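Descriptive analysis of the structure
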Amino acid sequence: MLTWIYGRTFVVERNRFDKIKLQTWAIPKYKLQYRLKWQKESIENLIEEAVLEADEKGASVLSLGLMNQASFLPIISHYMLESCDNSIKSNIVQSEELNRYGEVYVKKYPELKVKLVDWSSLAVAVLLHSIPKGTTQLLVGGKLTKVAVAVAFALCQKGIQVAVSHEDEYEKLDKSSGTSSEGKLVMSKSYSSYKIWLVGDEMTEEEQRKATKGTLFIPFSQFPPKRMRRDCFYHTTPAMQTPMALENVDSCENWLPRRVMSAWRIAGILHGLEGWEEHECGSTLSDIDKVWEACLKHGFQPLKIPALSK
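Being a predicted model, the structure only gives us computed values, none of them experimental.

1. Description of the overall build of the chain
Secondary structure assignment for the chain yields 11 helices and 15 strands. Out of the 310 residues belonging to the chain, those deemed buried represent 54%. Relative to all contacts within the chain whose residues are 6 or more apart in sequence, the contacts with residues 24 or more apart total 61%. Total accessible area on the chain stands at roughly 15,300 Å², and carbon and sulfur atoms take up 50% of it.

Written out as structure tokens, the structure reads:
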């Protein structure tokens, strides 16, 4: 409450990994406030001040974490998404992002030395490697995001059938993909035909109830879905196991297990460790294979898939 009144970011955790020093800064706002249109300007100002402060203090990388890419009003957004194989150009209807994944600050302050990183590339890589081997088809549910679109296109290119249950979301993906979906993008109302679901925000409880017994839910959203089914399996939001060399990990991150870190935090660490000089925000996605290989090289490990570990 005091930090909310004071109106400044504050440090909640300090870590050390290899040669880099890490800090986690919190924005003094409640989750509810991110959903309120009239709070948008205040939140944007806090994030912008944090970006400028990090730049002034000589930080090499700043990654945008939970809720700091929140959505507000529906508008048309244009994304140029790069998969690990080919560039995919797409125009899809999205929500107005709080800061367009950090792109606003890069354009407003072109002389920024600190590199802004969202979690998208690593999140895509984590999701692609969370899908059980041998999967030939899956269902995408919930509100589409930059990450969800990139994953759907990558799966289509791998020959996996991607089904969408809502007609408007299907039309967005179909219109965006052109020929890049390889004919693997389909519209389907048969929920029970799919044992693997990629799920985002706004997936309803009614939809979950339609899933067949033993279905694996893999969230691409920042927040996990509500667990409605005891006879199904729920994977975590995009995250990885941290190496033991990461120091001062004294608490769990939100709902994640001990020493498990979200993709948006790991993405910033990788950027610093590898010395990458480009921003990864807005419409930009880094090379998925490069990001994944760097992650493994530095000791981060994928989490076990619940259905398989059982």
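2. So, the nonpolar core
Leu-122, Leu-138 and Leu-155 are the most contacted members of the largest nonpolar core, which totals 58 residues. In terms of residue count, the dominant contributor to this core is helix H6 (residues 146-157) (10 residues). Once residues lying within four places of it in the same chain are set aside, the contact partners of Leu-138 are Ile-131, Leu-155, Ile-160, Gln-161, Val-162, Ala-163, Tyr-194, Ile-196 and Leu-198. Among the nonpolar cores identified, the runner-up in size contains 16 residues, and Tyr-34, Ile-47, Met-67 and Tyr-105 belong to it.

3. Comments concerning the pairing of strand E11 (residues 216-219)
With burial as the criterion, each face of E11 is covered, one bearing Leu-216 and Ile-218 and the other bearing Phe-217 and Pro-219. Where strand E10 (residues 196-199) lies against E11, four bridges are found, and the strand directions are parallel. Each bridged residue has a counterpart across the sheet, and for Leu-198 the counterpart in E11 is Ile-218.

4. Section: a nonpolar patch on the surface
Residues Met-1, Tyr-30 and Leu-32 make up a contiguous nonpolar surface patch of roughly 370 Å² in combined accessible area. Take Met-1: it is sitting in the segment before helix H1 (2-6). Residue classification places Met-1 among the exposed residues on the basis of a relative accessible area of 59%.

5. What to know about the pattern of salt bridges
Where charged atoms of side chains with opposite charge meet at close range, the side chains can pair. Counted under the stated rule, the structure contains 14 salt bridges. For the salt bridge of Lys-108 with Glu-48, the shortest nitrogen-to-oxygen distance reads 2.9 Å. In this pair, Lys-108 sits in helix H4 (residues 103-108) while Glu-48 sits in helix H3 (residues 40-56), placing the two residues 60 residues apart along the sequence. Taking relative accessible area as the criterion, Lys-108 reaches 49% and is therefore assigned partly exposed. For Glu-48, a relative accessible area of 14% gives the class buried. One salt bridge connects Glu-103 with Lys-107, and the closest N-O pair in it is separated by 3.7 Å. Here Lys-107 and Glu-103 lie together in helix H4, a separation of four residues that amounts to about one turn. Since its relative accessible area comes to 19%, Glu-103 is described here as buried. A relative accessible area of 59% means that Lys-107 is categorised as exposed.

About the thresholds
- Within every chain, residues take consecutive numbers counted from 1 along the sequence as written.
- The model is predicted, so local features are restricted to residues of pLDDT at least 70 and side-chain atom pairs to those at 80 or more, both for listing and for counting; the totals for chains, interfaces and linings are taken over all residues.
- Calculation of side-chain values draws on the structure's entire complement of heavy atoms; hydrogens and water are dropped beforehand.
- Where helices and strands are cited, they refer to DSSP runs of H or I of at least four residues and of E of at least two residues respectively, numbered from the N terminus.
- Whether a residue is buried, partly exposed or exposed follows from its accessible area with a 1.4 Å probe, protein chains only, as a fraction of its type maximum: under 20%, in between, or over 50%, in that order.
- Whether two residues are in contact is decided by their heavy atoms, any of which lying within 4.5 Å being enough.
- In short, Shrake-Rupley with a 1.4 Å probe defines the accessible areas, and a residue's cover is counted only from the protein chains shown.
- Nonpolar core, defined: a set of buried Ala, Val, Leu, Ile, Met, Phe, Trp, Tyr and Cys residues in which side-chain atoms within 4.5 Å join the residues together.
- DSSP calls a pair of strands paired once it identifies at least 2 bridges connecting them.
- Patch membership requires more than 30% relative accessible area and the absence of a salt bridge. Residues of like charge join within 9 Å; the nonpolar side chains Val, Leu, Ile, Met, Phe, Trp and Tyr join within 5 Å.
- Put simply, a salt bridge is a Lys or Arg side-chain nitrogen that is within 4 Å of an Asp or Glu carboxyl oxygen.

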